[in-house]
Amino acid sequence: MQEKIDELVSELKEKFASVTNMKELNDLKVEYMGKKGIITELSSGIKDVVNEKKKEYGMHVNTLRTAFNDGFETFKTRLEEEMVNQKLKEETIDISLPSDKLQRGSKHPFNRIIEEVEDLFVSMGYDVVDGPELEDDEHCFRLLNYTVGHPARDAQDTFYIDEEYLLRTQTSASQSRVMQANTEKTPIRVICPGKTYRRDDDATHSHQFGQVEGLVIDKNISLADLKGTLEIFARRLLGEDTKVRFRPSYFPFTSPSCEVDVSCFKCGGKGCNLCKGTGWIELLGAGMVHPNVLRMGGYDPDVFTGFAFGTGLDRLAMFKYAIPDIRYMYTNDIRFLKQFDACDLSDKS
Ligand code: PHE
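Small disclaimer: the values here were computed from a predicted structure and weren't measured.

(A) Fine view of the overall build of the chain. Helix and strand content of the chain: 11 helices and nine strands. Taking 20 Å as the expected radius of gyration for a compact globule of 349 residues, we find that the chain reaches 42 Å, considerably beyond that expectation. In terms of principal-axis extent, the alpha carbons of the chain reach across some 125 × 45 × 35 Å. The buried share among the 349 residues of the chain stands at 42%.

As structure tokens, this is what we get:
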């Protein structure tokens, strides 16, 4: 019996040594410890052994069982370690390799202008409000006194989505929304910066551009308030010695309406290529809120008056930074954007 067990133990050792994976190890378990396994059968053979030999027999079987259990644990641990090491090897990261260079972003001139305009008006007690870019005809035109078939609708080449919805052509659409949301509540003092869309595309026009709208409604608001506000706006943004002039104009939602020019901040009004020799640069459209618009917005025009203005943010940025083509604003070329890192908006050079 001793000999047989020694033989079985050395055979078992050889088998363990040739195991290369978990499956083979588990197969070995079945072969020795399974229902019909070698050790199981030897164990149940004890019943046929004569009593005085039972103890010895049991010890021999236990030797084999212990050899199996020890071997099994040893090889299981070894295989598991090997698997972990293999995985680590496959997932190795060479930390000595140079990394991809991270590009640092840069604040977009469009955002620089928005921030400056917002800061300025917030300091004068205005709120900043947002409006939807996908607008309905009602807010973009009808509530702004553009009746159906109004010729002024043609002045803005519009992207219609369907009969009712369009991409807003002007932030003035926010005027009607603000009035509707506040009905009869005053004072209203808001600016609405955002994206606008028209079917235009050349060096100075983009199908997408930015505007900022201003709206003030209260009792006793006059044209003098509008003039004073816009003079402050122009001087703070473009420099204290900026001159401002008001020209009569037409917008369906304001009356009277005007366009506002500023003295050219490049040549100071002498005439240069930026102002095309005129000394003036057109800055914005403005006017007193039309009584029809007040009425449709829920304000009694006999009690309340207001003014509104709107200007192109890209235009402002282009003038400020001497950007020759509006399309640069929308190509996200880091080389273009980087140029403005050192710019201070109050720097007129
Ligand atoms: N919405 C007008 C435009 O896009 C500008 C404007 C705004 C005019 C507010 C008057 C009052 O041209």
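(B) Quick look at unusual backbone geometry. Look at the link from Thr 186 to Pro 187: it is a cis peptide, with omega at -5°. By secondary structure assignment, the location of Pro 187 is in the loop between α7 (173–182) and β4 (188–197). Cis geometry marks the peptide bond from Ser 255 to Pro 256; its omega dihedral reads -5°. The residue Pro 256 is located in strand β7 (residues 254–263) in this model. A positive phi angle is found at Lys 276, which is not glycine, with a value near 55°. Structurally, Lys 276 can be placed in the loop between β7 and β8 (280–289). We classify Lys 276 as exposed; its relative accessible area is 74%. At Asn 332, a residue that is not glycine, the phi angle is positive and equals roughly 55°. Within the secondary structure layout, Asn 332 lies in the loop between α10 (313–321) and α11 (334–338).

(C) Inspection of the pattern of salt bridges at higher detail. Inspection of every chain in the model, using the stated rule, returns 13 salt bridges. Note that Arg 142 and Glu 138 form a salt bridge whose closest N and O atoms lie 2.9 Å from each other. Exposure remark for Arg 142: the relative accessible area of 35% places this residue in the partly exposed category. Exposure remark for Glu 138: the relative accessible area of 29% places this residue in the partly exposed category. Taking the shortest distance from any N to any O, the salt bridge between Asp 261 and Arg 247 comes out at 2.7 Å. Taken together, the positions of Asp 261 in strand β7 and Arg 247 in strand β6 (residues 244–251) put the pair 14 residues apart, joining distant regions of the chain. Shared partners join several salt bridges into a network, and the residues in it are Arg 245, Arg 247, Glu 259 and Asp 261.

Conventions adopted
- Residues numbered from 1 in each chain as written.
- Predicted model: local features only at pLDDT ≥ 70, side-chain atom pairs only at ≥ 80, totals over all residues.
- Heavy atoms only, no water.
- Helix = DSSP H or I, 4+ residues; strand = E, 2+ residues; numbered from the N terminus.
- Rg over C-alpha atoms; globule rule 2.2 N^0.38 Å.
- Buried < 20%, exposed > 50% of the residue type's maximum accessible area, 1.4 Å probe, protein only.
- Salt bridge = Lys/Arg side-chain N within 4 Å of Asp/Glu carboxyl O.

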